[in-house]
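# Tertiary structure, described
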Amino acid sequence: MKVFKNFKEYTSQKPLALSLGMFDGVHLGHKSIVDELIKVGSENNLETAVLTFWPHPRFVFNPNENLKLLNTLEEKQFLLEKCGIDTLFLKEFDEEFRNLTGEEFVRQILVDKLNIKYLIIGYDHSFGKNKSGNFELLQKLSGELGFEVERMEAINIHENNISSTKVRNALLAGNIKEANEMLGYYYSVSGTVVHGKKLGRTIGYPTANIETDPIKLLPKKGAYIVEVFIKDELYKGMLSIGTNPTVNGEKLTVEVYILDFEGDIYDEKITVAFRDFLHDEIKFEGLEKLIERLDEDKKLTEEFHF
């Protein structure tokens, strides 16, 4: 997959079948758009492309909002490439760009610079200054400017439309299976293993402390069954997100106990994929009660069907 951060660097080799949007999470709704893009591209000899924005426009409009994303930039690129997209445009949402009207964006960017011949948008997508661009505008301009436009309907699971917001809400509620179902893959978090307080090793449960990207959404505080990927090897794990209230901790940490693993992985990058929610964060009366619960969680993790 070719990646362009500047339209000036791009010269059209073939006309494009393109979709635009944030694609945060690259969930099943997004996947349906990409699959349609690839089908249209194949049938019409068009290159497939996605135009998205980085950073998220909400960081520009609401700089004080504590928005967390389902994907880091690296993850989003990986997922879109895995879907089979030919070209990814990562446009910075700068002052000049945010002042383009919907029609100016279509004429100046999509047609003049990117040479689109087929455009697919999501069922609720709008674009341009004051959200002046929508499906009706695209239909009006398509004949004059020589491209086709298609609007994809929402993908439903259990009669609910899939959206990035709904995936976020499921994760924040600890509904891991629901989030994974909407995503079409297991939600994961990556980070570097750093030194912690090393309390775990004193009670028989040494954990790897993961330093995650601050932009990445973490599921709700609590304990989880996870898969752990270390240097392409897969292990079972039980992960805790929280402040370690039993020992009066204050800093939010992400710690994983890796079953059947020994070794020094400090400074290694590891990935954990969330499979199930065990329980909310608990403040135990003492370490003995904590160990009892860890033993229970370990048994549940060992018995979990991965």
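As the structure is a computational prediction, the values presented were derived from the model and not from experiment.

Here is what the cut-offs are and how they apply
- Residues numbered from 1 in each chain as written.
- Predicted model: local features only at pLDDT ≥ 70, side-chain atom pairs only at ≥ 80, totals over all residues.
- Heavy atoms only, no water.
- Helix = DSSP H or I, 4+ residues; strand = E, 2+ residues; numbered from the N terminus.
- 1 Å grid on protein atoms, 1.4 Å probe; cavity = no way out; pocket = protein on both sides within 12 Å on 5 of 7 lines; lining within 4 Å.
- Points joined across faces, edges and corners; volume = space filled by probe spheres on them.
- Polar contact = N/O pair within 3.5 Å; in protein donor to acceptor, adjacent residues only side chain to side chain.
- Contact = heavy atoms within 4.5 Å.
- Pairing = 2+ DSSP bridges.
- Axes fitted to C-alpha atoms, helices over the stretch in contact; angles between N-to-C directions.
- Salt bridge = Lys/Arg side-chain N within 4 Å of Asp/Glu carboxyl O.
- Buried < 20%, exposed > 50% of the residue type's maximum accessible area, 1.4 Å probe, protein only.

With an omega dihedral of 0°, the bond running from tryptophan 54 to proline 55 counts as a cis peptide bond. Positionally, proline 55 belongs in the loop between strand E3 (47–53) and helix H2 (57–61). The phi dihedral of valine 26 falls on the positive side, at around 45°, and the residue is not glycine. Mapped onto the fold, valine 26 is located in the loop between strand E2 (16–20) and helix H1 (28–44). The backbone of lysine 231 shows a phi angle near 50°, a positive value even though the residue is not glycine.

Below, the discussion takes up the layout of surface pockets. Where empty space is left becomes clear once a probe the size of a water molecule has been rolled over the atoms. Approximately 1,200 Å³ is the volume attributed to the second largest pocket. Contributing to the lining of the second largest pocket are 43 residues, with Gly21, Met22, Asp124, His125 and Ser126 lying nearest its centre. Secondary structure elements with two or more residues in the lining of the second largest pocket: E2, H1, H2, helix H4 (95–98) and helix H7 (164–172). It is H1 that contributes the most residues to the lining of the second largest pocket, 4 residues altogether.

As for its position among the elements, histidine 279 is in strand E14 (residues 269–280). A polar side-chain atom of histidine 279 sits 2.8 Å from a polar atom in the side chain of aspartate 297. Contact partners of histidine 279, with chain neighbours within four places excluded, come to Gly222, Ala223, Arg293 and Asp297.

The 6 strands lie next to each other as E1-E4-E3-E2-E5-E6, forming an open sheet whose pairing is parallel. The open sheet terminates on both sides in strands that have one partner only, identified here as strand E1 (2–4) and strand E6 (148–151). In this sheet, adjacent strand axes meet at a mean angle of 20° when their direction is disregarded. Of the strand pairs in this sheet, strand E5 (residues 116–121) and E6 are connected by 4 bridges, and their pairing is parallel. Paired with leucine 119 across the bridge in E6 is valine 149.

With that settled, consider the pairing of strand E12 (residues 233–242). By the bridge criterion, 9 bridges tie strand E11 (residues 222–230) to E12 in an arrangement that is antiparallel. Bridge pairing in E12 places alanine 223 opposite serine 240. Once E11 ends, the chain turns through 2 residues before running back antiparallel as E12, passing lysine 231 with a positive phi of about 50°. Pairing of E12 with strand E13 (residues 253–258) involves 6 bridges; the strand directions are antiparallel. Residue glycine 242 lies in a different strand from E13, and its bridge partner there is threonine 253.

Here the structure, examined in full by the defined rule, presents 17 salt bridges. Put simply, arginine 168 and aspartate 24 hold a salt bridge, and the shortest N to O gap is 2.7 Å. Taken as a pair, arginine 168 in helix H7 and aspartate 24 in the loop between E2 and H1 lie far apart in primary sequence, 144 residues in all. Comparing arginine 168 with aspartate 24, the two get one shared label, buried. One salt-bridge network, in which partners are shared between bridges, spans Glu103, Arg107 and Glu144.

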